[in-house]
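Structural description and commentary
For reference, the chains in residue letters:
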Amino acid sequence: MNRSAKMGIIPLIIQLISCSAILSTSCNAFVPSHDVPRTTTTSLNVFGGPQKPNSQSLSPLPKGISPFEKSLSKNVDIQGDFRKRAKLAIDAAIGDGVKKIEIEFPPLLGGSQSKSQFDDFDNIQELDKNKDWTMQLAPLFLGEGIYQKGKTWLIFPDLKECEIAKKEWAGQRYQEATFTTIEAVTNYMANGSNNGAGGEGGYDAPWGSNIMSGLSKIMGGEDGDAGLLGDQAALDPIIDGENSPATLWLVIQPGNGGPVEDWVNCEKMSIAQPDTPVVIINGALDKVKGGFYPAFVFPKLAATVDRFYKKFESTFYLKPFSDKGVYGWLYRVYPEPWQVVWENVRPGKDGNAEVEYVVIKVLDKRPSYADVISMLVKASQSSNN
């Protein structure tokens, strides 16, 4: 099914079941950390600002990302800045031999329609932005020979998104990439390459996909498939020895707002081509790793967590926090450590707020949601004393 068809009653029921399980098991969808985070030599001086570690400088936060900087957000190419930072981080990670890479950021920030976590938006808007963001990231790789001739795979969550992207981004430079889907890659790995290394049974189809596929064929009549789920012609062929194995996979928003089977299939793909770096872009891996989807309801997904998703390196990660009256960010650019950044919001000129970003903690290990909030609250309290 395409993403629009996936936003009906079944996902709603799943969410209700998941939330019920969370309340009963006290799991943390942000990936709880059971280790006490160890700080580096960086320490906090709330009034004097952060002290950076001598061994490594830290990337400053991008401009215009605060919900209190809306006028600035609308006039700054925030997403372009994200892409430049992400490209450098991905290059560094791949250079260090990292094969499982997570990219996470707010996709709706910036431009005339900029939206923060406090604004209304839906999954379709997010998916469109993530699609466009990835299409503009790809050329940063496609200028290099090793990523050309179809060796960079743009892997969409469904056929309709692949079709739309291929129509909207039809330039010559994009033709250096392979346009495909999670389903097409998983089936190829199971049936056409690596002797079925893609996993037992091949592609794990979402509930109801067969019904939609059958309906599309019936509606098409003598003309064949009506294309409700997308046009098969949008898929580029995958040919062993030519564009396969790939040099890079860019996987666009798997699972997040769609079927959980996307995440299961991503593991199957990676098993089949273990030497190909897989970059998951805004795939909500926090939910997967943090127990948002209860194992007794989603046993296949649960089985992927320890053996696959917990091995992902957060290479470019920027997540907003707003709780208990404080605002801040968890930020990382590989290979740097994690930064917890507090937004010190003060009244400014003409009634506009002024935002100062204060790095209050630098950590070798990623902190939990509760840890981040606790740090932000302490920073806020210290500044008021």
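An account of the accompanying structure is given in this report. (Residues numbered from 1 in each chain as written. Predicted model: local features only at pLDDT ≥ 70, side-chain atom pairs only at ≥ 80, totals over all residues. Heavy atoms only, no water.)

**Considering the side chain of aspartate 204**
Structurally, aspartate 204 is set in the loop between helix 6 (182-191) and helix 7 (209-220). On the accessibility criterion, aspartate 204 (11% relative accessible area) is buried. Separated by 2.9 Å, the side chains of aspartate 204 and lysine 300 make a polar contact. Ignoring anything within four residues of it in the chain, the contact list for aspartate 204 reads Glu261, Val264, Asn265, Lys268 and Lys300. (Helix = DSSP H or I, 4+ residues; strand = E, 2+ residues; numbered from the N terminus. Buried < 20%, exposed > 50% of the residue type's maximum accessible area, 1.4 Å probe, protein only. Polar contact = N/O pair within 3.5 Å; in protein donor to acceptor, adjacent residues only side chain to side chain. Contact = heavy atoms within 4.5 Å.)

**Details of the pattern of salt bridges**
According to the stated counting rule, one finds 18 salt bridges in the structure shown. Glutamate 168 is the salt-bridge partner of lysine 131, the closest N and O atoms lying 3.0 Å from each other. Remark: glutamate 168 occurs in helix 5 (residues 159-168) and lysine 131 occurs in helix 4 (residues 123-142); sequence separation between them is 37 residues. Under the relative-accessibility criterion, lysine 131 is labelled buried at 2%. For glutamate 163, the salt bridge goes to lysine 160, with nearest N and O atoms at 3.6 Å. A residue pair is termed a helical-turn pair when its members lie 3 or 4 positions apart in one helix, as glutamate 163 and lysine 160 do in helix 5 at three residues. Judged by its relative accessible area of 24%, lysine 160 falls in the partly exposed class. Through salt bridges with shared partners, one network takes in Lys87, Asp91 and Glu144. (Salt bridge = Lys/Arg side-chain N within 4 Å of Asp/Glu carboxyl O.)

**What about unusual backbone geometry?**
With omega at 0°, the peptide bond leading from serine 244 into proline 245 counts as cis. With respect to the helices and strands, the residue proline 245 is situated in the loop between helix 7 and strand 6 (248-252). For the bond from tyrosine 334 to proline 335, the omega torsion is 5°, close enough to zero to count as cis. Note on placement: proline 335 falls in the loop between strand 9 (326-333) and strand 10 (338-347).

**Overview of the sheet that holds strand 3 (residues 100-104)**
Across the sheet, nine strands lie side by side as 5-4-6-7-3-8-9-10-11; this open sheet has mixed pairing. The open sheet is flanked by strand 5 (177-181) and strand 11 (353-363), the only strands paired with a single partner. Pairs of neighbouring strands in the sheet enclose a mean axial angle of 20°, with direction left out of account. For strand 4 (residues 152-156) and strand 6, the ladder comprises four bridges, and the chain directions are parallel. Within the sheet, the bridge partner assigned to leucine 154 lies in strand 6 and is leucine 250. (Pairing = 2+ DSSP bridges. Axes fitted to C-alpha atoms, helices over the stretch in contact; angles between N-to-C directions.)

**Re helix 5**
Every buried residue of helix 5 is listed here: Leu159, Glu161, Cys162, Glu163 and Ala165. Looking at the packing, one finds that the buried side of helix 5 touches helix 4, strand 4 and strand 5. Between the side-chain oxygen at the start of helix 5 and the backbone nitrogen of lysine 160 there is a gap of 3.2 Å, and the oxygen is on aspartate 158.

**So, the pairing of strand 6**
For strand 6, the tally of buried residues reaches five of five residues, placing the bulk of the element in the interior. Residues of strand 6 alternate between two faces, with Leu248, Leu250 and Ile252 on one and Trp249 and Val251 on the opposite face, all of them buried. Bridge count between strand 6 and strand 7 (residues 278-281): four bridges; the pairing is parallel. When the bridges of strand 7 are listed, tryptophan 249 appears paired with valine 278. Considered for its hand, the β-α-β crossover made up of strand 6, helix 8 (residues 261-272) and strand 7 is right-handed. (Right-handed = clockwise from strand over helix to strand, strands pointing away.)

**Structural notes on the environment of alanine 233**
Assignment of secondary structure puts alanine 233 in the loop between helix 7 and strand 6. Considered as a pair, alanine 233 and glutamate 163 are 70 residues apart in the sequence and their alpha carbons are 8.1 Å apart.

**Structural notes on the packing of helix 6 against helix 8**
Closest axis-to-axis distance for the helix 6/helix 8 pair is 9 Å, and the angle between their directions is 40°. Viewed along their axes, helix 6 and helix 8 adopt a mutual orientation that is oblique. Both helix 6 and helix 8 take part in a crossing whose hand is left-handed. For the pair helix 6 and helix 8, the contacting residues are Ile182, Val185, Thr186 and Met189 in the first and Asp262, Asn265, Cys266, Lys268, Met269 and Ala272 in the second. Grouping the constituent residues of the contact of helix 6 with helix 8 by class yields six nonpolar, two polar and two charged. (Parallel < 35°, antiparallel > 145°, perpendicular 65-115°, else oblique. Left-handed = near helix turned anticlockwise from the far one by under 90°. Nonpolar A, V, L, I, M, F, W, Y, C, P; charged D, E, K, R; others polar.)

**Overview of the packing of helix 8 against helix 10 (residues 299-307)**
Helix-helix packing is characterised by the crossing angle of the two axes and by the distance between the axes. One can describe the packing of helix 8 onto helix 10 by two numbers: an axis separation of 9 Å at closest approach and a directional angle of 45°. Comparing their axes, helix 10 and helix 8 come out oblique. Between helix 8 and helix 10 lies a crossing of left-handed hand. Along its contact with helix 8, which presents Trp263, Val264 and Glu267, the element helix 10 presents Lys300, Leu301, Thr304 and Arg307. Taken together, the residues of the contact of helix 8 with helix 10 break down into three nonpolar, one polar and three charged.

Note that all results are geometric; they support no functional claim without further evidence.
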